[in-house]
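# Structural overview for review
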Amino acid sequence: MEKRRINKNLILSIALIILLSLNVFSLEVKTSAVYNYGDNLFSLYNSNTPKTYFEFISNLTYLSENIHFNADISFLNNKAYNDPFSESYYGGFYFYINDGSISLNLGNSKISFGKTHLGDMVKSPYSLFVSSVNYPRNTLEYRYEDDKFIYVTRWIELNNLINLINSSNLQEKYRSANYKVYAVKFPNIRFGYEEVNVYIGKNFDFEYFANPIPGFFIQYVNSAGRPYPEGLGESNFIMGFFGDYSDKEKYLYTQILIDDINMNRFLHPDSYQNPDKIAWSFGGSFSTNVGKIEIHHAGATKYTFQPSSESGNQMYYGYTYFPYFTYNGTNTIFPLEMLYAGYKYGENNLAFLINYSPNFVSNLKTSLEYVILGERSPVNPWNDLTTFKEGTHLLDDPVLEHRLVGNANYSFKILDGLNIWLNTSLGYIWNKSELTEVTTDNVKKPLMRPVSGNNIPFFSLVVGLNFEFNF
């Protein structure tokens, strides 16, 4: 029996070596040790977050013709979250899942699931329908693509707070979104329709995911009742379009998102005019003789991505990962760039970004970004008001926040499989926004409001040592 077991193991080992030599599949292991010094999204708004911390990252990736397995986890001590085991068991460190997902390739179809971040259709730091910030959530996606057509349906768990919020209100506890794409393809060109339906009160809605009909019609039919209303009420319907062009030298894209549009402008011009809630994004990358240049721009009007409101009654249909941005029972602020499930800067802003990677210095990437931000509250309809102000608004607040940030990233190889990378940021914020509590009438949720003269410089340095090997 022992001899048979040895022979079986020997045969399996030889088969594994042959498969690997034929590149039928690959197994990649990466480990990183990262030293962070200076300010980041957490420390800029939370004084309890240290300016120096360490992060250790472990990543295992298995890739074959039909399956992609990814497991990525961090162990860090930046005190960003209230971890009950951090101090007593792990010396101030806590675990964080960066990605835990599986993708199955089935010809033209692909199924992906796990705790992951799958991204938008356009390749942009200012993508509108799915944030460019990698914030993993429980996700299930079916994607079909051939040489003429693309269809995507994706369930995204926004929050499942059953053990966190002491409330019987299911609207607070369960919020999810379904993202869909219908696109056509031509040589070098793609054009498509994108939509998001945010629904509350339950974790997963099978029909929004499985029914290929656009979500507007699903919402309308189920809310009206055929013969009885189905589901737990209406959802927040967000729609828009994208287009892009790519060849060997360049990539160009444009995208528009409509959270709510003022139809009275066309149907009832003499009636009240509700605000347009619209975001836009466009840009591209260009390969030149001196390097790769990228130019990006995006913006969004006031109230975009906010939840709905009826006579001051706070609802939970906002397109954010959570219905709050303060947590731990204190005024600890969760960075808004990590809260928005769509465009990372959310509402009431304009953003401009230039990236440059020179040909004469390998593995160097630089960027310069300028952002103008007004008053914003991703969880509070109409900010501190019980209803909207008529007309469309953009950066019309008395004080505005301005950010100017330069960044450089450089990596180099020490040995085969061993690399060092450096990332440094230097910036300045004029009129930095601060948490403002709201007690107007029955509006209780806070907002972020620019404060005149609240000017701060900031700097960060990140040094990483990365080791990887392949089987």
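Worth saying up front: this structure is predicted, and the values here are computed from it rather than measured.

## Looking at empty space enclosed by the protein
Considering all chains together, one arrives at three cavities of 30 Å³ or more under this definition. Residue composition of the lining of the largest cavity, grouped by class: nine nonpolar, no polar and four charged. In this structure, the second largest cavity encloses a volume near 60 Å³. As for the second largest cavity, its lining consists of Thr116, His117, Leu118, Val130, Tyr135, Arg137, Thr139, Arg154, Ile156 and Tyr321. Classifying every residue of the lining of the second largest cavity by side-chain character gives five nonpolar, three polar and two charged.

## Quick word on the pattern of salt bridges
If charged atoms from side chains of opposite charge come close, those side chains can pair. Applying the stated rule across the entire model yields 17 salt bridges. A salt bridge links lysine 185 to glutamate 145; the nearest nitrogen and oxygen atoms lie 2.8 Å apart. Taken as a pair, lysine 185 in strand S8 (residues 174-186) and glutamate 145 in strand S6 (residues 137-145) lie far apart in primary sequence, 40 residues in all. The class for lysine 185 is partly exposed, based on a relative accessible area of 22%. Among the ionic pairs, lysine 432 bridges to glutamate 434, the shortest N-O distance being 3.1 Å. On the accessibility criterion, lysine 432 (5% relative accessible area) is buried. Since its relative accessible area comes to 30%, glutamate 434 is described here as partly exposed. What emerges from the salt-bridge pattern is a single network uniting Glu337, Arg376, Glu401 and Arg403.

## Topic: unusual backbone geometry
With phi around 60°, lysine 79 is a residue other than glycine that occupies positive phi space. Following the sequence through the fold, lysine 79 ends up in the loop between strand S3 (67-76) and helix H2 (86-89). Even without being a glycine, asparagine 188 presents a positive backbone phi close to 75°.

Reading the values: the criteria
- Residues numbered from 1 in each chain as written.
- Predicted model: local features only at pLDDT ≥ 70, side-chain atom pairs only at ≥ 80, totals over all residues.
- Heavy atoms only, no water.
- 1 Å grid on protein atoms, 1.4 Å probe; cavity = no way out; pocket = protein on both sides within 12 Å on 5 of 7 lines; lining within 4 Å.
- Points joined across faces, edges and corners; volume = space filled by probe spheres on them.
- Nonpolar A, V, L, I, M, F, W, Y, C, P; charged D, E, K, R; others polar.
- Salt bridge = Lys/Arg side-chain N within 4 Å of Asp/Glu carboxyl O.
- Helix = DSSP H or I, 4+ residues; strand = E, 2+ residues; numbered from the N terminus.
- Buried < 20%, exposed > 50% of the residue type's maximum accessible area, 1.4 Å probe, protein only.

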